[in-house]
Amino acid sequence: MKNFGIPRSAMCIPVVLVIVNLACSGQKTPAAAASKAGATAKAAPSAAKDAAPKTKFKPFEVVDQQQGNLTVSRFAIPEDWKGTSRVVWNYRDFYSPVRINARLESPDGSSWMEFYPLEFFLWLDPMHDRTPIGPGSLGGIHHPNISLPEALGRYVVARNRGQMKGLRILGYRPVNDLPKVFSRAFKQGTPEGQGICMRVQYEMNGSPVDEEFYAFMPKLVTIPAGQGWAEYHHPMMLVHSIGAKSGKLESVRPLLGFMASSLEINPAWSERLQQVQKMQTDYYNRALAQGYAQIQAAGEMSRAISAQNDRFLQNIDSNLAASRARENAARSSYNSGSNDDFYKSTDNFDQYIRGTEHMQDQYGQVTDQDSSYSYHWTDGFGRYVHSNDQNFDPNQYLTGNYQQMTPAR
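My aim in this report is to walk through the structure given alongside it, one point at a time.

Cut-offs used in this document
The residue numbers shown here count from 1 along each chain, following its written sequence. Only residues with pLDDT of at least 70 are given local features in this predicted model, and only at 80 or more are side-chain atom pairs given and counted; all residues enter the totals for whole chains, interfaces and linings. No hydrogens and no water enter the side-chain calculation; it runs on all heavy atoms of the structure. At least two DSSP bridges between two strands are needed for those strands to be called paired. Put simply, DSSP H or I for four residues or longer makes a helix, DSSP E for two residues or longer makes a strand, and each gets a number counted from the N terminus. By definition in these notes, contact holds between two residues if any of their heavy atoms fall within 4.5 Å. Angular values range over 0 to 180 degrees, each being the angle between N-to-C directions of two axes fitted as lines to C-alpha atoms, with helices fitted over their stretch in contact. Pairs of N or O atoms are called polar contacts if they sit within 3.5 Å, as long as, within protein, a hydrogen donor faces a hydrogen acceptor (for residues adjacent in sequence, only side-chain-to-side-chain pairs). Buried residues of nine kinds, namely Ala, Val, Leu, Ile, Met, Phe, Trp, Tyr and Cys, make up a nonpolar core once their side-chain atoms join them within 4.5 Å. Note on exposure labels: buried denotes an accessible area under 20% of the residue type's maximum, exposed denotes more than 50%, and partly exposed covers the range between, all computed with a 1.4 Å probe on protein chains only. We call Phe, Tyr and Trp rings a pair once their centres come within 6.5 Å, taking the six-membered ring for Trp, and we label the pair stacked below 30 degrees between planes, edge-to-face above 60, and tilted otherwise.

Quick word on the sheet that holds strand β1 (residues 57–64)
Here three strands make up an open sheet; going across it, the order is β1-β2-β14 and the pairing antiparallel. Every interior strand has two partners, whereas the edge strands, β1 and β14 (264–265), have only one. The pairing of strand β2 (residues 70–78) with β14 spans two bridges and is antiparallel. Considered in β14, the bridge of R74 is made with E264. Sheet strands touched by helix α5 (residues 249–261): β1 and β2. Its angle to β2, the strand with the most contacts, is close to 155 degrees. Across the sheet, helix α6 (residues 267–289) lies against β1, β2 and β14, angled at about 140 degrees from β2, the strand it touches most.

So, in C-alpha cells, the structure goes:
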C-alpha cells in the first residue's frame, strides 16, 4: 500500500477551514420564469421581528484544553440554550491535525445546531494510486474523485445519524457562495467552490425529526509530486447541520441563522495552530532525513511534538492575554446589541440563504422575490413576472397593468 508524502500544500489551507463549522438553512423552490406569471410570492418574514424583544444572548466558547485552554471560537446563543464542544489533536495527522465538534441546543432539546470536523480527502493520479478507500497513515481520507454529495452522505450523515430509526435522505440541492454568509470568519477572503444542503428525516425518542446538513468544498488542489505523478487534495469544510423535532425546523431558521453568523475566531488560537503545523513539518522532515520510513517518521514526529508541548504552552501567555481582552469586548457587544440588530441579521441571513430579496410594488406592498432575476413586474394584485432581460415588458404579452417593482428599504 502506497503512503502519501508530506502534504506541504495542506499547511497553506486557511486556518479557518479547520474550525469553521456553521449553520445555514432554508429550502427554496426556484421561482417561475416569465411564462409562469400566476405564482404568488411569499410574504416577508415577520416572526423573527415579533420574537426579537424576547431574545437575550450570551457567548458560547469552544475551548481547546490541549492547548492551554485557549478559546477556539465563540458564538452568540440565547441565554437559556446549552452547548457542548470537543477539541482533539492528533499530531500524526498532517492534513487536519485538530478535530472540533460542537452542539448547541434549546433547553428542551427540540432544536439544535451541530458542527462537525473538517474532512480532508486526498488521492494520487490513477497511474500511481493503489491505496484502498479509507483513512490514510498520515491522516485524511483516501477517496479518489469523491463528489460533495457522496462525501457528505457517507462521511457525515451516515456516521452521525446512521443509527437513527427510519433515516431517509430526501434529497439535496446546491448552496452557492456558502462561505460568503460567514465572511466575518474569513479574514483573508472567502474561498471559491461548491456548497450543498442535504435534507434528511428520522425518528428520535419517538419524535419525527427534520434535519439539514450543509458542507462546502473549495476547488480541487493538484500538487505535483515529482517523477511525473501528482497528489490531489479536496477538503470538505463548513460541515454543520440544523435540526428540529415535530415540524419546527422552519420556525427556528431565523434564530439559527443569527447564531451562525455571530461566529468569531480567536486569532491567538489560529496562531497556535500554525505553530503546531510548523512543528509537524519540521519534525517530520527531520525524521525522514534520518532515514525513517514515512509511517515511522510520523510516529517520531508525534512523540517529539508531545514532548515539546509544555514548552510551547509557556510561550503563548501574551497571545492568551490579548485574546481574553478581545473576548471581553466581544462578550459585552453580545449583551448590549439591540433587538433591531437581531432582526436585521436574521432577515439578511434568511434572504441570502433562500435566494430572495424584498421588493416593493406600486402600492407600497413588500414581498419576497427570487434574487436570481434582475427585474420583477407585478400588476399589484398578486401576479408577478420575473426576467433578466432589461428590455422585456410583460404588458406586451399579458393582460393587465404591470409595473416594475423596486427594492424595499
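Examining the side chain of S106
Within the fold, S106 resides in the loop between β4 (98–105) and β5 (111–115). Here the side chain of S106 touches D108 through a polar contact of 2.9 Å, side chain to side chain. Setting aside its immediate chain neighbours within four residues, S106 contacts W81, K82 and S111.

A word on the nonpolar core
Grouped together as the largest cluster of nonpolar side chains are 51 residues, with contacts concentrated most on V62, W89, L104, M259 and W269. At seven residues, α5 tops the list of elements feeding residues into this core. F121, V209, Y232 and M236 belong to the second-largest nonpolar core, a separate cluster that totals 25 residues.

A closer look at the packing of aromatic side chains
Tallied over the entire structure, the rule returns ten aromatic pairs. Plain terms: the ring middles of F57 and F258 are 4.7 Å apart, the flat faces sit at 55 degrees to each other, and that makes the pair tilted. One end of the pair, F57, is in strand β1; the other, F258, is in helix α5, with 201 residues separating them in the sequence. When the centroid spacing of 6.2 Å and the interplanar angle of 40 degrees are considered together, the rings of W89 and Y91 count as tilted. Take W89 and Y91: they sit in the same class, and that class is buried. One aromatic cluster is present, formed by W89, Y91 and W269 through successive ring pairs.

These figures capture arrangement, not role.
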